[in-house]
Amino acid sequence: MLHDAYDLSFYEFDDEKDSKEYGVLLCDVVHGRPPMKPTYMGIGWYWYYHGVRYGAETLHLPTTHGWDSRFVQGYPYITAIRTTPEEAKEREPIFREKIKPFLENFDGVWDPLKAELLKMYKEAKDARGLKEWDDIKKLSNADLLSFFLDFAYIINRKEGEIHFIMLMASFYIVGLLQEMWRTIFEEEPSIDPNFHKLMSGFENQDMKMGRMMWELGRKAVELNLDDIFRNTEDDVLIDKLNTSEAGRTWNSLYHEFLLEHGWRSDRAHSYDSPVWLEKPSMGLSRIKLLMHAPLFKFDVERVRVIKDREETEKEVLARVPEVQRPAFSLLVKAAQKSGYWSEDHGYFCDCHVGAMGRWILQEFGRRFAQAGSIDDAEDVYFLHPNEIRKAAIPLGRINLRPYVERRKKVWEENMKIEPIPFFGDISQAQDILRSDPTLLVSTQVPVVRKELKADLYGAACAPGSFQGTARVIMSVDKISELKPGEILVAPGTSTAWMVVFGIIKGLVTDGGGALSHPVIMAREFGIPCVSGTVEATQKIKTGDKIWVDGNRGVVYIMDK
């Protein structure tokens, strides 16, 4: 039986065949929670799955042809399309040649590609005379449709291919290092503090964004605006600042920041979440969290983190058999760049292309609702690209409600459902993750060691240990509830959560593996983290005293 996925072919789950063919399909709670809406699945997710396979096949990854994906009750389930032993043998020598540029000069590959992405985004706007958020309202229906078609079929394809050629290469390199680590040290690298120390001390674009927000906050303090920031709600703060010369100066700086860096929302993998440039108050809560710190925490920790990395590298290399040392050292150098790339690409890939989609679709939603094609502008996110094309020119002559109503009802029901963690044989999960380590960006399996008698076991961790008070926060729009020094407990983190790393003392997440945002950012900020626990937000309550042991990848609830 095929399970429908909002009328989108490719994603239907075949409950008689898929589990049998693939072994196990794991729920992608990192990207797919809450459930995606059909428009994003039909454009952004469509090209990401093209990119995954494009990357794997272009590089001739020996053990995988890329991912396959199905949707069940609105949630994505992923697995590897594993190669046969014969295919792996044939692909291995080609892969060794293809991966060389990434091993020998990672930045030499990535820097031109991210410049190409920024150039593409800029040209798409400049060609249409667009700069400010509201400029898109000036486009004719034909020009808006042209922009949409370029976005859906050219910009997304280019972004998806660049995104995943980099992801498949960099994460596969980490997977090769992890396999070598297990063989030499007989330790699971994702929960080995030495592995994470080796990967630390590299500044990425996410941290640069955090520093810019901290600098904006310090500028507000310098302009004696901190009382206004402290005592004014985010939604009216910009208007309040406009009543003084100092406030107008700060608003001008903030607007310039948003024009260049405000192409981001709280959820990258959707088009229905507002973008900072569209709703400037969204960035203010982050700036408020950072503005009273005299120094940016990453800059404070960086010297120590780099020193730890250099000392650990010497100790670890000394334990590697001499014959394996050159290969091990080469993989370490390339894998270190993978962590840096993982948080760099969010800015250059996910955030920009997602915000551009929001820009175009929100305008179509406004026009469709005004013309009577749909009831509400937000209903546009339940349409497929061809349905948008159908109504883009005739507008009110086309009734889009029959497409919207059924999918919207199903999506609302899916929102009430707790996703099933997997379909198939879970005992095959580790084999599948090792065959395609790029899956670790989206899935995880906790490493359970019953002898530790912990309350939660992580799939990955960042070194360090801290006992303190937990604060459970389920969505990024609630991060202003965090108090400095607390332990954040969350479903996961992404680039939208970046500022919390400037004030927390520990982190526990439901989702996330060794290559996930919470682990990478926590280790760079020197914060103990246990990630991929699956059920932290269910077991831990705000106010609980907990012990985050990032050195062993476990969490204890101390006052249960």
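Residues numbered from 1 in each chain as written. Predicted model: local features only at pLDDT ≥ 70, side-chain atom pairs only at ≥ 80, totals over all residues. Heavy atoms only, no water.

## Examining the overall build of the protein chain
Right, so step 1: Looking only at helices and strands, the protein chain features 21 helices and 14 strands.
Right, so step 2: Since a compact globule built from 560 residues should have a radius of gyration of about 24 Å, the 24 Å found for the protein chain is in line with a globular shape.
Right, so step 3: Dimensions of the protein chain along its principal axes, counting C-alpha atoms only, are 70 × 60 × 50 Å.
Right, so step 4: Taking all 560 residues of the protein chain together, the buried fraction comes to 59%.
Right, so step 5: Taken as a whole, the protein chain presents about 22700 Å² of accessible surface, with 52% of it coming from carbon and sulfur.
Right, so step 6: When the 72 basic and 85 acidic side-chain charges of the protein chain are each reduced to a single mean position, those positions are 2 Å apart. (Helix = DSSP H or I, 4+ residues; strand = E, 2+ residues; numbered from the N terminus. Rg over C-alpha atoms; globule rule 2.2 N^0.38 Å. Buried < 20%, exposed > 50% of the residue type's maximum accessible area, 1.4 Å probe, protein only. Areas by Shrake-Rupley, 256 points an atom, 1.4 Å probe, with all protein chains shown as cover. Lys, Arg positive; Asp, Glu negative; His and termini not counted. Charge placed at Lys NZ, Arg CZ, Asp CG, Glu CD.)

## Some words on the pattern of salt bridges
Right, so step 1: Scanning the model with the defined rule gives 42 salt bridges in all.
Right, so step 2: We note a salt bridge from Lys17 to Glu21, for which the minimum N-O separation is 3.2 Å.
Right, so step 3: For Lys17, a relative accessible area of 45% gives the class partly exposed.
Right, so step 4: Among the charged side chains, a salt-bridge network with shared partners connects Asp7, Glu387, Arg406 and Arg407. (Salt bridge = Lys/Arg side-chain N within 4 Å of Asp/Glu carboxyl O.)

## Regarding helix α15 (residues 297-319)
Right, so step 1: Counted at 1.5 Å a residue, the expected span for α15 with its 23 residues is 33 Å, and the 33 Å between its end C-alpha atoms agrees.
Right, so step 2: Maximum bend of α15: about 30°, positioned at Val303.
Right, so step 3: Here α15 has its buried residues at Lys297, Phe298, Glu301, Val305, Arg309, Thr312, Glu313, Val316 and Leu317.
Right, so step 4: Check the buried side of α15 and you find it contacts α8 (141-185), α9 (193-198), α10 (205-222), α16 (325-371) and α20 (517-524). (Expected span 1.5 Å × (residues − 1). Bend = angle between axes of the 7 residues up to and from the residue. Contact = heavy atoms within 4.5 Å.)

## So, the packing of helix α4 (residues 44-59) against helix α5 (residues 85-98)
Right, so step 1: The geometry of α4 relative to α5 is characterised by a closest axis approach of 8 Å and an angle of 100° between their N-to-C directions. Between α4 and α5, the crossing angle belongs to the class labelled roughly perpendicular. Contacts between α4 and α5 involve Ala56, Glu57, Thr58 and Leu59 from the first element and Arg91, Phe95 and Lys98 from the second.
Right, so step 2: Considered class by class, the residues forming the contact of α4 with α5 number three nonpolar, one polar and three charged. (Axes fitted to C-alpha atoms, helices over the stretch in contact; angles between N-to-C directions. Parallel < 35°, antiparallel > 145°, perpendicular 65-115°, else oblique. Nonpolar A, V, L, I, M, F, W, Y, C, P; charged D, E, K, R; others polar.)

## Side note on the packing of aromatic side chains
Right, so step 1: What the rule picks out here adds up to 39 aromatic pairs.
Right, so step 2: Ring plane angle 70° and centroid distance 4.8 Å describe the contact between Trp181 and Phe185, whose orientation is recorded as edge-to-face. Residue Trp181 and its partner Phe185 are located together in helix α8, separated by four residues, close to a single helical turn. One exposure class covers both Trp181 and Phe185, and it is buried.
Right, so step 3: Ring geometry for Phe364 against Phe368: centres 5.3 Å apart, planes inclined by 25°, an arrangement best described as stacked. On the criterion of helical spacing, the pair formed by Phe364 and Phe368 is a turn pair, its members being four residues apart in helix α16. (Phe/Tyr/Trp six-rings, centres within 6.5 Å; stacked < 30°, edge-to-face > 60°.)

## Focus on the pairing of strand β14 (residues 554-557)
Right, so step 1: Burial of β14 is two-sided: the residues Val554 and Tyr556 facing one way and the residues Val555 and Ile557 facing the other way are all buried.
Right, so step 2: Note: strand β7 (residues 456-457) against β14, two bridges, orientation antiparallel. Within β14, the residue paired with Leu456 across the bridge is Val555.
Right, so step 3: Two successive antiparallel strands, strand β13 (residues 545-549) and β14, enclose a turn made up of four residues, where Gly553 displays a positive phi of approximately 75°. (Pairing = 2+ DSSP bridges.)

## Remarks on the nonpolar core
Right, so step 1: Residues Trp110, Trp250, Phe328, Phe364 and Phe368 are the most contacted members of the largest nonpolar core, which totals 155 residues.
Right, so step 2: Here the element with the most residues in this core is α8; it accounts for 23 residues.
Right, so step 3: With near-sequence residues (within four places) excluded, Phe328 lies in contact with Leu177, Met180, Trp181, Ile184, Phe185, Val316, Leu317 and Val320.
Right, so step 4: Formed by 13 residues, the second largest nonpolar core is a distinct cluster that contains Leu456, Ile540, Ile546 and Ile557. (Core = buried A, V, L, I, M, F, W, Y, C linked by side-chain atoms within 4.5 Å.)

## With respect to the environment of Ala496
Right, so step 1: Relative to the assigned elements, Ala496 resides in the loop between β10 (487-490) and β11 (506-509).
Right, so step 2: For the pair Ala496 and Ile398, spaced 98 residues apart in sequence, the C-alpha to C-alpha distance is 37 Å.
Right, so step 3: Apart from the residues lying within four places of it in its own chain, the contact partners of Ala496 are Ser265, Asp266, Arg286 and Val476.

## Focus on the pairing of strand β9 (residues 465-472)
Right, so step 1: One ladder, built from five bridges, connects β9 with β13; its direction is antiparallel. The residue of β13 that forms the bridge with Gly468 is Ile546.
Right, so step 2: Both β9 and β10 contribute to a ladder of three bridges, which runs parallel. The residue bridging Arg471 from the neighbouring strand is Leu488, located in β10.

## Some thoughts on α4
Right, so step 1: For α4, spanning 16 residues, the distance from its first C-alpha to its last is 22 Å, which sits close to the expected 22 Å at 1.5 Å a residue.
Right, so step 2: Listing the buried residues of α4 in full gives Gly44, Trp45, Trp47, Tyr48, Tyr49, Gly51, Val52, Gly55, Ala56 and Leu59.
Right, so step 3: Where α4 ends, the next residue or the one after it, His60, has phi of about 55°, a positive value.

## Some remarks on the sheet that holds β10
Right, so step 1: With respect to topology, eight strands assemble into an open sheet ordered β7-β14-β13-β9-β10-β11-β12-β8, the strand pairing being mixed. In this open sheet, the two strands that pair with only one neighbour each are β7 and β8 (460-462).

## A word on the sheet that holds strand β3 (residues 24-27)
Right, so step 1: Across the sheet, four strands lie side by side as β4-β5-β3-β6; this open sheet has antiparallel pairing. Each of the sheet's edge strands pairs with one partner strand only, and the pair in question is β4 (64-72) and β6 (422-424). Taken pair by pair, the neighbouring strands of this sheet meet at an average axis angle of 25°, ignoring direction.
Right, so step 2: In this structure, β3 lies alongside strand β5 (residues 75-82), joined through two bridges in antiparallel fashion.

## Digging into the environment of His261
Right, so step 1: With respect to the helices and strands, the residue His261 is situated in helix α13 (residues 245-261).
Right, so step 2: The class of His261 is buried, set by a relative accessible area of 8%.
Right, so step 3: As for His261 and Met212, which are separated by 49 residues in sequence, their C-alpha atoms are 9.8 Å apart.
Right, so step 4: What His261 contacts, discounting residues up to four positions off in sequence, is Met209, Met212 and Tyr347.

## Description of the state of the cysteines
Right, so step 1: Following the criterion strictly, the structure yields zero disulfides and no others.
Right, so step 2: Cysteine Cys27 shares no disulfide, and the gap to the nearest cysteine sulfur, in Cys529, comes to 20 Å.
Right, so step 3: We note that Cys529 lacks a disulfide partner, and the nearest cysteine sulfur, in Cys461, lies 7.8 Å from it. (Disulfide = S-S within 2.5 Å.)

## Observations regarding the environment of Asp150
Right, so step 1: Relative to the helices and strands, Asp150 resides in helix α8.
Right, so step 2: Judged by relative accessible area, which is 26%, Asp150 ranks as partly exposed.
Right, so step 3: For Asp150 and Asp436, which are 286 residues apart along the polypeptide, the C-alpha to C-alpha distance reads 32 Å.
Right, so step 4: Those residues in contact with Asp150 that lie beyond four places of it in its chain are Arg128 and Ile155.

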